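Structural overview
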Amino acid sequence: MKILLLITMVSSLWAMDALEIVNRINSRDDGQHVKRKLKMELIDKRGKTRVQETISYRKYYGEDKKTVIFFISPKRLKGTGFLTYDNAIKDDEQWLYLPSLRKVRRISSANRGDWFLGTDFSYEEIKKETKISKDDFNFKLLDETDDFYILESIAKNKKIAKELGYSKIISQIDKKIFISRKTQFYDTRGELLKTLKSSDIKKIDTIWTIHHMQMSNHQNKHVSHFYFSDVDYKKDIKDNIFTKASLKRRR
Amino acid sequence: MKLFLLLISLLIDLYSANISHLVKLRQENAILTNNAKFQKASIYAKLNLQADFEDGSRLVLISTLETDAKDKIEPSRYNLDKYNDFLKILPLGTHGNLELREFFYETEMKGSIIKLGKMQTVWGKADGIKLIDRLNPQNFSEFILPSFEESRIPLWTFSFLKSLDNSEFEFIAIIDNTRNKIPINGASFEFTSTKVIPQIPKNVPINKNDVANPNNFILDSDVAFRYSKMLNNMEIGFYYFYLYNDNQTLSQKFDKTSNILTITSKYERSSSYAFSMDYSKKNFVYRVETMLTNSDELSYIFGLDWYGLNQSLLSLQIFQSYLLKDKNRFSRDKVDNTVTFLYKKDLMNDTLHAELLTIHNINDNDGLIRPKLRYELDEESVIYIGIDKFYGNKNGLYGEFRKQSRIILGVERTF
């Protein structure tokens, strides 16, 4: 009985620690606003590489967040714009501008498990920017080393797992900066789906910033490299850049 | 002297501007399904030049060159009768043409965006059907098969757009009397349906009275306003148009003394009021457009997009046009009903795109089916194959082109 009580106490202590880690990850300073360039290298299983470049702006408005992404290359995609309002209370809102349509199209924000513009990142991962949703997962601290916490995040139910495309995530959290260095995603059948490695992490204006992310899909053998550059947390970003008029105008 | 100084100043600005370019090249073949003959073997080139100035303003020039070895789409000549004379399409023999598609200057002043020049203005929420998207006339040389971006006829326009916190106001003035481009006799997509070309009684002398296209620079210019606002998760838009209809209105009068039937065709201007809405909830996006024209016609589109399937879009639209007065009923039903269905799926990390579009007119039981596959060879090159299948009543707007059903093969490169 005493042993059972001890196990319960230890596991509850670990659960609390896990939640604390998640809180630290989510409260990590990522700037009130940021402007940055992103180079996406997409490599298929035959080694064929496609390169796309974007410039993006993100700004917090209280608990809400607005993000706009403009494609600058390849030329075929130049002018394509993607605007998202991540709302804390109401449903998220998303718009896509395709130069070939000359029209800003309202799109659903609910398909969060879909791949983001042909990459191996999902819309949800792009939106969360390495943060973890406490609404979607239960957490458990699996292990602790000198440098890392090994955190397990399990989808709260099958519906969430289906929406996100994975049932479990195992993250290797850097103890000093509370950023996952290696994250493994398991699909709804429990099989390893993809691995995210974050590297080239540097301080920009006192904020720890990832400059390289590599997402490898183990099932279709596709790999996405994200290289961030020209990261600027200081220069103010005008509110009117997060409008549909701005999506159309930026070519 | 002032003009000269202005020109010098513009040239200096251009010299310091950041100039970028984009060239799109496309080779496309259309093969008729009923006899396996080529309907089209075309080359299309588009040059987009843009000068971005330091103050955030920009100058945009878009020009196109098109050639068609088969010359069946518009045989022998281009019908440019309804074009404004200023910088209109330049025919290159009978097989090709050069066009200054767009040429405009855009600047931001005190939070407002001002555009001036030849351009396209696209309003509305509907896909594949034009209701609120009516500021530019349409080139019907290939019926509605090319993308609207390429078949819309850009016009000389002044645009003023003011974005406020959650709303937008836009004013448009169009000083260009170019109208819809209608295919000539003998063209592949010549209109024969009585919905477009009214039946003329046999054995009655006809007097055709084609009233000239109004062309007063000020008095005949078109104007339109738009105001849109986000309300919670819903965007609503209100529109007012005072425009010439880009199709001629036909009227007939029979003189009993001379026994002559006079058919008058003229461009008429009307006031239209419109409303649009889009709303997103979970996997669905709801879209609505309604328009009331001159108290004569009420039209509306209900659209429903579903994103519930992985990497896919399923979209359904219902379009209904209702004549409130009977005076125009000589060529169409009082209520006209069209349904569109679209399925899109992205495969292989967005390198392969599958699409199926159908448009079905319920009144005439005719329509158009368009399956298409696009594959990205690399970042800048795309190959595609598709079918444009017309079916149904041969007197219907779509069924009349049953013999023009075709297979499309193309390759496109951008650099």
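Rules and cut-offs
- Residues numbered from 1 in each chain as written.
- Chains lettered and ligands numbered in written order.
- Predicted model: local features only at pLDDT ≥ 70, side-chain atom pairs only at ≥ 80, totals over all residues.
- Heavy atoms only, no water.
- Helix = DSSP H or I, 4+ residues; strand = E, 2+ residues; numbered from the N terminus.
- Rg over C-alpha atoms; globule rule 2.2 N^0.38 Å.
- Buried < 20%, exposed > 50% of the residue type's maximum accessible area, 1.4 Å probe, protein only.
- Contact = heavy atoms within 4.5 Å.
- Areas by Shrake-Rupley, 256 points an atom, 1.4 Å probe, with all protein chains shown as cover.
- Lys, Arg positive; Asp, Glu negative; His and termini not counted.
- Charge placed at Lys NZ, Arg CZ, Asp CG, Glu CD.
- Buried area = accessible area lost by both parts, 1.4 Å probe.
- Salt bridge = Lys/Arg side-chain N within 4 Å of Asp/Glu carboxyl O.
- Polar contact = N/O pair within 3.5 Å; in protein donor to acceptor, adjacent residues only side chain to side chain.
- 1 Å grid on protein atoms, 1.4 Å probe; cavity = no way out; pocket = protein on both sides within 12 Å on 5 of 7 lines; lining within 4 Å.
- Points joined across faces, edges and corners; volume = space filled by probe spheres on them.
- Nonpolar A, V, L, I, M, F, W, Y, C, P; charged D, E, K, R; others polar.
- Phe/Tyr/Trp six-rings, centres within 6.5 Å; stacked < 30°, edge-to-face > 60°.
- Lys NZ or Arg CZ within 6 Å of the ring centre and 35° of its normal.
- Pairing = 2+ DSSP bridges.
- pLDDT = per-residue confidence, 0-100.
- Patch = residues over 30% accessible without salt bridge, like charges linked within 9 Å, V, L, I, M, F, W, Y side chains within 5 Å.
- Axes fitted to C-alpha atoms, helices over the stretch in contact; angles between N-to-C directions.

Secondary structure summary: chain A contains four helices and 13 strands in total. The C-alpha radius of gyration of chain A comes to 19 Å, within 12% of the 18 Å expected for a compact globule of 251 residues. Dimensions along the principal axes, computed over C-alpha positions, put chain A at roughly 70 × 40 × 35 Å. Within chain A, the fraction of its 251 residues that count as buried is 53%.

Scanning chain B from terminus to terminus reveals two helices and 22 strands. A compact globule built from 415 residues would reach a C-alpha radius of gyration of about 22 Å, and chain B, at 23 Å, matches this within 12%. Seen through its C-alpha atoms, chain B measures out along the principal axes to roughly 70 × 60 × 55 Å. The contacts in chain B between residues at least 6 apart in sequence include a share of 56% that link residues at least 24 apart. When the accessible surface of chain B is summed, it comes to about 20600 Å², and 60% of that surface belongs to carbon and sulfur atoms. Positive and negative side-chain charges of chain B, numbering 51 and 52 respectively, have mean locations separated by a distance of 6 Å.

Moving on: the interface of chain B and chain A. The parts lose accessible area when they come together, and the size of an interface is often stated as this lost area. The partner chain A presents 40 residues to the 59 residues of chain B that form the contact. When the buried area of chain B at its contact with chain A is split by residue, B:Tyr307, B:Asn349 and B:Glu379 rank highest and sum to 18% of it. A salt bridge links B:Asp278 to A:Arg106, with the shortest nitrogen-to-oxygen separation between them at 2.8 Å. Across the contact surface, chain B and chain A share 30 residue pairs in polar contact (both at pLDDT 80 or more). Take the side of chain B that touches chain A: its biggest share by element is five residues, from strand 5 (residues 96–109) of chain B.

Let's shift gears to the environment of B:Lys82. Residue and element names in this part refer to chain B. For Lys82, the location among the structural elements is in the loop between strand 3 (58–68) and strand 4 (90–92). In this structure Lys82 comes out as partly exposed when scored by relative accessible area, which is 23%. Sequence separation between Lys82 and Ile182 is 100 residues, and the spatial gap between their C-alpha atoms is 8.8 Å. Residues in contact with Lys82, not counting those within four places in the same chain, are Asn177, Thr178, Arg179, Asn180, Asp210, Gln248 and Tyr267.

Counting across every chain of the model gives six cavities of 30 Å³ or more. Approximately 540 Å³ is the volume found for the second largest cavity. A:Lys248, B:Val122, B:Trp123, B:Glu170 and B:Arg226 are the residues nearest the centre of the second largest cavity, which is lined by 34 residues in total. Counting only elements with at least two residues in the lining of the second largest cavity, the list comes to strand 6 (103–107) and helix 4 (244–249) of chain A together with strand 5, strand 6 (112–119), strand 7 (155–163), strand 8 (167–174), strand 10 (222–231) and strand 11 (234–244) of chain B. Residues of the lining of the second largest cavity, tallied by class, amount to 12 nonpolar, seven polar and 15 charged.

Residue and element names in this part refer to chain A. Here the structure, examined in full by the defined rule, presents 53 salt bridges over all chains. Of the charged contacts, one joins Asp239 and Lys59 as a salt bridge, the two residues approaching to 3.0 Å between their closest N and O atoms. Here the residue Asp239 occupies a position in the loop between strand 13 (223–232) and helix 4, and Lys59 occupies one in strand 2 (residues 49–61), the gap between them amounting to 180 residues. With a shortest N-O distance of 2.9 Å, Arg112 and Asp136 are connected by a salt bridge. Of this pair, Arg112 sits in the loop between strand 6 and helix 2 (123–128) while Asp136 is found in the loop between helix 2 and strand 7 (137–144), placing the two residues 24 residues apart along the sequence. Among the residues examined, Arg112 registers a relative accessible area of 16% and is labelled buried. What makes Asp136 buried here is its relative accessible area of 6%. Because the salt bridges share partners, they merge into one network encompassing Asp30, Arg36, Arg58, Lys65, Glu129 and Lys131.

This part covers the packing of aromatic side chains. Think of a pair of aromatic rings as described by two things: how far the centres are apart, and how the planes are tilted against each other in angle. Going through the model one piece at a time under the given rule, you end up with 34 aromatic pairs over all chains. On the numbers, 6.4 Å between centres and 50° between planes, the contact of A:Phe137 with A:Phe139 is tilted. Across the pair, exposure class does not vary: A:Phe137 and A:Phe139 are buried alike. Above the ring of A:Phe185, the side-chain terminus of A:Lys194 is found at 5.3 Å from the ring centroid. Directly above the aromatic system of B:Tyr322 lies the positively charged group of B:Lys334, at a separation of 5.7 Å from the ring centroid.

Take the pairing of strand 18 (residues 335–347) of chain B next. Residue and element names in this part refer to chain B. Pairing analysis gives 11 bridges linking strand 17 (residues 312–323) to strand 18, with the strands arranged antiparallel. Bridged to Leu316 within strand 18 is Phe341. Between strand 18 and strand 19 (residues 352–361), which pair antiparallel one after the other, the connecting turn spans four residues, and Met348 there sits at a positive phi close to 50°.

So, on to the side chain of B:Asp127. Within the fold, B:Asp127 resides in the loop between strand 6 and helix 2 (148–151). Excluding anything up to four places from it in sequence, B:Asp127 contacts A:Lys103, A:Arg105, B:Arg287 and B:Gln317.

Glancing now at unusual backbone geometry. All names here are of chain A. Between Ser73 and Pro74 the backbone carries a cis peptide bond, its omega angle lying at 0°. As for its placement among the helices and strands, Pro74 is situated in the loop between strand 3 (64–73) and strand 4 (81–86). Positioned with a positive phi, Thr130 is a non-glycine residue whose angle comes to about 75°. Turning to its location among the elements, Thr130 is positioned in the loop between helix 2 and strand 7.

Now for the confidence of the model for chain B. Atom-level detail of predicted coordinates should not be read off regions where pLDDT is low. When the pLDDT values of chain B are averaged, the result is 90; 96% of them are 70 or greater. Scoring of the predicted complex yields 0.89 for pTM and 0.88 for ipTM.

In this section: a positive patch on the surface. Among the surface-exposed residues, B:Lys389, B:Lys394, B:Arg402 and B:Lys403 lie close enough to one another that they form a single positively charged patch. Turning to its location among the elements, B:Lys394 is positioned in the loop between strand 21 (381–392) and strand 22 (406–414).

Residue and element names in this part refer to chain B. Pairing within the open sheet is mixed, and its three strands lie in the order 9-13-12. Either end of the sheet is taken by a strand with one partner, and the two such strands are strand 9 (206–210) and strand 12 (249–255). The average undirected angle you get between the axes of adjacent strands in this sheet is 20°. Strand direction decides the pairing type here: strand 12 and strand 13 (residues 260–266), joined by seven bridges, are antiparallel. Residue pairing in the sheet places Leu250 in a bridge with Ser265 of strand 13.

With that out of the way, let us pick up a nonpolar patch on the surface. Residue and element names in this part refer to chain B. Together, Leu373, Ile385, Ile387, Ile407 and Leu409 give the surface a local cluster of nonpolar side chains, amounting to about 370 Å² of exposed area. Elements supplying a minimum of two residues to the nonpolar patch: strand 21 and strand 22. In this fold, Ile387 is placed in strand 21. Given a relative accessible area of 37%, Ile387 falls into the partly exposed group.

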